[in-house]
Amino acid sequence: MKIAVFCGSSLGNDERFAQAAGAFGQYMASQGMDLVFGGGKVGLMGVVADAVLAGGREVYGVIPESLRDRELAHQGLTRLDVVSSMHERKALMADMADAFVALPGGPGTMDEIFEAWTWGQLGYHSKPCAFYNVDGYFDELLAFIRKMSGAGFLKPEYAEMVIVKDQPAALVSALKSYQPPSRKWS
Ligand code: AMP
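Residues numbered from 1 in each chain as written. Predicted model: local features only at pLDDT ≥ 70, side-chain atom pairs only at ≥ 80, totals over all residues. Heavy atoms only, no water.

Colleague: Which parts of the structure should I look at to understand the nonpolar core?
Modeller: Soluble, globular proteins show a tendency: their nonpolar side chains are buried together. Grouped together as the largest cluster of nonpolar side chains are 54 residues, with contacts concentrated most on Val5, Phe24, Leu35, Phe100, Val101 and Leu103. Here Val101 is in contact with Ile3, Ala4, Val5, Phe6, Phe24, Ile113, Ala130, Tyr132, Leu171 and Leu175, once residues within four sequence places are set aside. (Core = buried A, V, L, I, M, F, W, Y, C linked by side-chain atoms within 4.5 Å. Buried < 20%, exposed > 50% of the residue type's maximum accessible area, 1.4 Å probe, protein only. Contact = heavy atoms within 4.5 Å.)

Colleague: In this structure, what is going on with the environment of Pro104? I would like to understand it.
Modeller: Summarising the element assignment, Pro104 is placed in the loop between β5 (99–102) and α5 (107–121). Judged by its relative accessible area of 4%, Pro104 is buried. In sequence terms Pro104 and Val164 are 60 residues apart; their C-alpha atoms lie 13 Å from each other. Setting aside chain neighbours within four positions, we find Pro104 in contact with Cys7, Gly8, Phe17, Leu44, Tyr132, Val134, Tyr137 and Phe138. (Helix = DSSP H or I, 4+ residues; strand = E, 2+ residues; numbered from the N terminus.)

Colleague: Could you clarify how one ought to interpret the side chain of Gln121 in this entry?
Modeller: Structurally, Gln121 is set in helix α5. Excluding residues that lie within four positions of it along the chain, Gln121 makes contacts with Leu154, Tyr158, Met161, Arg183 and Lys184.

Colleague: How do you make sense of the pairing of β5 when you look at a structure like this?
Modeller: Where a strand is regular, its side chains alternate between the two sheet faces. Residues Ala99 and Val101 of β5 are buried on one face, and the alternating residues Phe100 and Ala102, pointing to the opposite face, are buried as well. Sheet analysis places strand β1 (residues 2–6) next to β5, joined by four bridges and oriented parallel. Looking across to β5, one finds that Ile3 is bridged to Ala99. Bridging between β5 and strand β6 (residues 129–132) involves three bridges; their strand directions are parallel. When the sheet's bridge partners are listed, Phe100 is paired in β6 with Cys129. (Pairing = 2+ DSSP bridges.)

Colleague: I tried to follow the environment of Lys90 on my own but got confused; where do I start?
Modeller: Its place among the elements puts Lys90 in helix α4 (residues 86–96). On the basis of relative accessible area, Lys90 is assigned to the buried category, the value being 10%. Sequence-wise, Lys90 and Ala116 are 26 residues apart; in three dimensions their C-alpha atoms are separated by 8.9 Å. Not counting the four nearest positions on each side in its chain, Lys90 is found in contact with Asp111, Glu112 and Glu115.

Colleague: What's the story with the packing of helix α1 (residues 15–30) against helix α2 (residues 43–54) in this structure? I'm lost.
Modeller: Between two packed helices, what matters for the description is the angle formed by their axes and the separation of those axes. At a closest axis distance of 7 Å, the pairing of α1 and α2 adopts a crossing angle of 30 degrees. Taken as axis vectors, α1 and α2 run roughly parallel relative to one another. The chirality of how α1 crosses α2 is right-handed. Between α1 and α2, the residues in contact are Phe17, Ala18, Ala21, Gly22, Gly25, Gln26, Met28 and Ala29 and Leu44, Val47, Val48, Ala51 and Val52, respectively. (Axes fitted to C-alpha atoms, helices over the stretch in contact; angles between N-to-C directions. Parallel < 35°, antiparallel > 145°, perpendicular 65-115°, else oblique. Left-handed = near helix turned anticlockwise from the far one by under 90°.)

Colleague: How should I be thinking about the pattern of salt bridges in this particular structure?
Modeller: For side chains bearing opposite charge, pairing can occur when the charged atoms are close. Under the counting rule described, the total for this entry stands at seven salt bridges. Linking Arg57 and Asp34 is a salt bridge whose minimum nitrogen-to-oxygen distance equals 3.0 Å. Highlighted residues: Arg57 in the loop between α2 and β3 (59–64) and Asp34 in strand β2 (residues 34–37), separated in sequence by 23 residues. Residue class for Arg57 comes out partly exposed when judged on its relative accessible area of 30%. Residue class for Asp34 comes out buried when judged on its relative accessible area of 9%. Here Arg68 and Asp69 are joined by a salt bridge, their closest N and O atoms 3.0 Å apart. (Salt bridge = Lys/Arg side-chain N within 4 Å of Asp/Glu carboxyl O.)

Treat this as a map of the structure, not an account of what it does.
Dropping the structure here:
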């Protein structure tokens, strides 16, 4: 199984984020899982990639040319695909991965996991989407998702399709047993 991990290009200001990112990558590798990610060496992205590589598994990066040229690409990956735009990157990552997981991060992370979730809801793919809720980082976002559902903008079945866990083992187990809902507008 290849997991796309979306996470901060920064480390955040609490060392627990990097610890959790490293532990997640290590657990993935111990379970024989490979990583698809944004190809950067910076922030939590670099921490997850290093942990999966250290565990002996494969790491596939997909980076737009402009970020590569700013020397932000990780140099030790199994493979680095260089693409011309962010849109191309997201499409390629979505094709390559069997599941999508968000770790703590900023707007880039939110953009990527929300797009994967939206595509799943529409039936463009049947792959699980998950939040690794490190130390309650996503609590307010999860409350807002419940608000969306309560306000009638998100059917409960599409709110529930998103996996939320605060431990790597529970998260990976939920990815493996995921059953997609029927597609919206079918
Ligand atoms: P953010 O959460 O705003 O830090 O953005 C992180 C996400 O955006 C990652 O999952 C990457 O796919 C992408 N991204 C942002 N900055 C970079 C970077 N310097 N190198 C590679 N990817 C990046």
